[in-house]
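Report on the structure
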Amino acid sequence: MTTANRGQTRERAATFILKRHRMRAAEALPWLVAIAAFFIVPDRMTFGSQVLIMVMFALSLDLILGYAGIVTLGHAAFFGIGAYTVGLAAARLQWTEPISGLFAAAIAAGIVGFLTGWLLLRYRGLTLLMLTLATAIMLQETGNLRSDISGGYDGLPGLTFKPLLGVFDYDLYGHTYYLYVLATLAVVFYFVRRIVYSPFGQALTGIRENVRRMHAIGSPVHRRLVTVYTIAAAIAGVAGALFTQTNAYVTLTVFDFDNSAKVMVMLILGGTGRLYGAFVGAAVYMILEDYFSKLSPTFWQFGIGLLLVLAVLFARRGVLGLFESFGEYLAERKKR
Amino acid sequence: MPHVANIAVSILFDGLAYAMFLFITSVGLSVTMGLMGFVNLAHGAFAMAGGYIVVSLTRTLGIDFIPSLVIASLVVGAVSVLFERGLYRRLYKATDLEQVLLTIGLAFMAIATFTYFYGPIPKSVPLPAWLEGDVNLGFRNFPTYRAFLIVLGTALIAVLWYAFERTNIGAKIRAAVDNRRMAESVGINVDRLFTLTFALGSGLAALGGGLAIQLLGLSPSFAVLYLVLFLIVVAVGGLGSLKGTLLAALVIGVFDTAGKYLLADAGGFFVYAVTVAVLLVKPAGFYGRE
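For the structure given in this document, a descriptive report is provided here. (Residues numbered from 1 in each chain as written. Chains lettered and ligands numbered in written order. Predicted model: local features only at pLDDT ≥ 70, side-chain atom pairs only at ≥ 80, totals over all residues.)

1. Notes on the overall build of chain A
Along its length, chain A carries 15 helices and zero strands. Against the compact-globule benchmark of 20 Å for 336 residues, chain A has a radius of gyration of 21 Å, which places it among compact chains. Expressed as a percentage of its 336 residues, the buried residues of chain A come to 47%. Pairs at least 24 residues apart make up 80% of the contacts formed inside chain A by residues separated by at least 6 positions. (Helix = DSSP H or I, 4+ residues; strand = E, 2+ residues; numbered from the N terminus. Rg over C-alpha atoms; globule rule 2.2 N^0.38 Å. Buried ≥ 20, exposed ≤ 12 C-beta atoms within 10 Å, placed from the backbone. Contact = placed C-beta atoms within 7 Å.)

Take a look at the structure:
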């Protein structure tokens, strides 16, 4: 290939990536909805904060499951590490400044993510499923073993945090918290979006689609997987930290298998590997759960099971995938 | 008998009984996963269903415990064929993730259904008189029910070993686990073989569920709570290996029991530590194919 030719190819590749990376108008929609919710249902902001936290948690899972194709049953481990970093710092060390708490949680969860990722990501299939699951449960059991520090299954209740930025105090309806969580989510989302559309993100998709070929073209597969696993762990840690801060308590149930399964279900319902799937899935799941589990928890559990079965059989790409298929169908009809 | 030896014997005995339950319940999962690579998280739900059928048969219809166990295994084995034909079959070629999601969805639905009909409170069953109390083995007393579990488990192991290693159908299953394509090309109908082993495995799971009522208690959450242990046994033992599943069940059973005896606070920590240690060294389990 001549130099000029290569330059041309590079330019074409660059414009292609830039074009894809460009923000579209529709991408403002979830943020507008989140801001609108603040004004329309101001009395449900505590619930709203929980939805946004789950969005962030699902977003972190999307990075590893949706983009890198790592199937894990223990993602709650990192959520729990983040939650307990902030909880323990506040309860045992009187470190109650919220924003530095988020960074501490991200670092702690990131370190655990790096270590376990480096060790576990060389395995696949059932072995990887069991190892990630065992990691989360071992953290939970460790917490239970040292209940003198962690508070065991009773948890760390009644935590208080300093006002945000030293100025904004928390009100009864959780308005401050909602905006705080929303702002954090926006920062995290921008970061994740940059990653996904970077060459690194492309390499991850390549690994998901065909590991062998990525090995063959000399891509450092393991290093890439560990990197994204660490990043996702740190983000899940931030989500966990926000969980502790907004609820003012934390118990060992954050490490539950249920928590890992729940976030996966949310992401699947929304659609994997498309960033906004986390938004749609978490919101839909949380709102349905809020409504139906009040009605009857048994009924809700049956419903979520049925939803999963139907999603696998008929809508493998989630709610957003359904919309896409519908859009394609319309475009197809227009052409005729 | 000195105190320490006494505890050691108790741990071994209880661990062995527990291991038998784990083996009976997990062996079907191991073989079906080895055959089709299908991740079946609804396996625990089949075990739970078996347990509840035993509860209904003994308490409502007044049938004896042992015949109830047999009926429950047959019913669940037959019903599981419907699931295999109707649902699982569509996903053999799908990804791990899709199989996980479908089967966990089924498990959730099963838990909800059984909670609706039986309530969330653990159930018990009336045992025949000869299974109650203790049995004296010469040097000390042991609970009869656990002794029964060990005898039954050993008998089942012998039968399964014979069926697996000495019969035509067992040879076909081993061939299909080793190399599915090759087995198909020499004319073995792997699909039908799979349906058969799936039904057998689910039936055994139901038997395990029935036996678990007196050992561990039976509530609807059983389907997910113990599923993790079954999966651990399968992963540690190696997919599709009878020998591996037995060894893994023994190791996990004894370690879990020892952990609960010696360090009650640590709970399940031992089991998971052992699991991680084994899988890090042997990712495919004791007797799995790398």
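2. What to know about the overall build of chain B
A count of helices and strands for chain B gives 12 helices and two strands. Traced from its N-terminal end to its C-terminal end, chain B shows the element sequence α-α-α-α-β-β-α-α-α-α-α-α-α-α. Radius of gyration (C-alpha) of chain B: 19 Å, near the 19 Å computed for a compact globule of 290 residues. Over its C-alpha atoms, taken along the principal directions, chain B stretches across nearly 60 × 45 × 35 Å. The buried share among the 290 residues of chain B stands at 48%.

3. A word on the environment of B:Gly37
Within the fold, B:Gly37 resides in the loop between helix 1 (3–36) and helix 2 (43–59). Residues B:Gly37 and B:Phe230, 193 residues apart in the sequence, show an inter-C-alpha distance of 16 Å.

4. Focus: the interface of chain A and chain B
In this assembly, 28 residues from chain A lie in contact with 32 residues from chain B. Those elements that place two or more of their residues in the side of chain A that touches chain B are helix 6 (125–145), helix 12 (257–270) and helix 14 (297–314) of chain A. Ranked by the residues each element gives to the side of chain A that touches chain B, the list is headed by helix 6 of chain A, at 12 residues. For the side of chain A that touches chain B, the class distribution of residues is 20 nonpolar, six polar and two charged. (Nonpolar A, V, L, I, M, F, W, Y, C, P; charged D, E, K, R; others polar.)

5. Some details on the packing of helix 4 (residues 76–93) of chain A against helix 11 (residues 221–247) of chain A
Residues and elements named next belong to chain A. As a packed pair, helix 4 and helix 11 sit with axes 6 Å apart at the nearest point and diverge in direction by 50 degrees. When the axis of helix 4 is compared with that of helix 11, the two are oblique. Along this stretch, helix 4 crosses helix 11, giving a crossing that reads as right-handed. Contacts between helix 4 and helix 11 pair Phe 78, Phe 79, Gly 80, Ile 81, Gly 82, Ala 83, Thr 85, Val 86 and Gly 87 from the former with Ala 233, Ala 236, Gly 237, Val 238, Ala 239, Gly 240, Ala 241, Phe 243, Thr 244 and Gln 245 from the latter. The class makeup of the residues in the contact of helix 4 with helix 11 is 11 nonpolar, eight polar and no charged. (Axes fitted to C-alpha atoms, helices over the stretch in contact; angles between N-to-C directions. Parallel < 35°, antiparallel > 145°, perpendicular 65-115°, else oblique. Left-handed = near helix turned anticlockwise from the far one by under 90°.)

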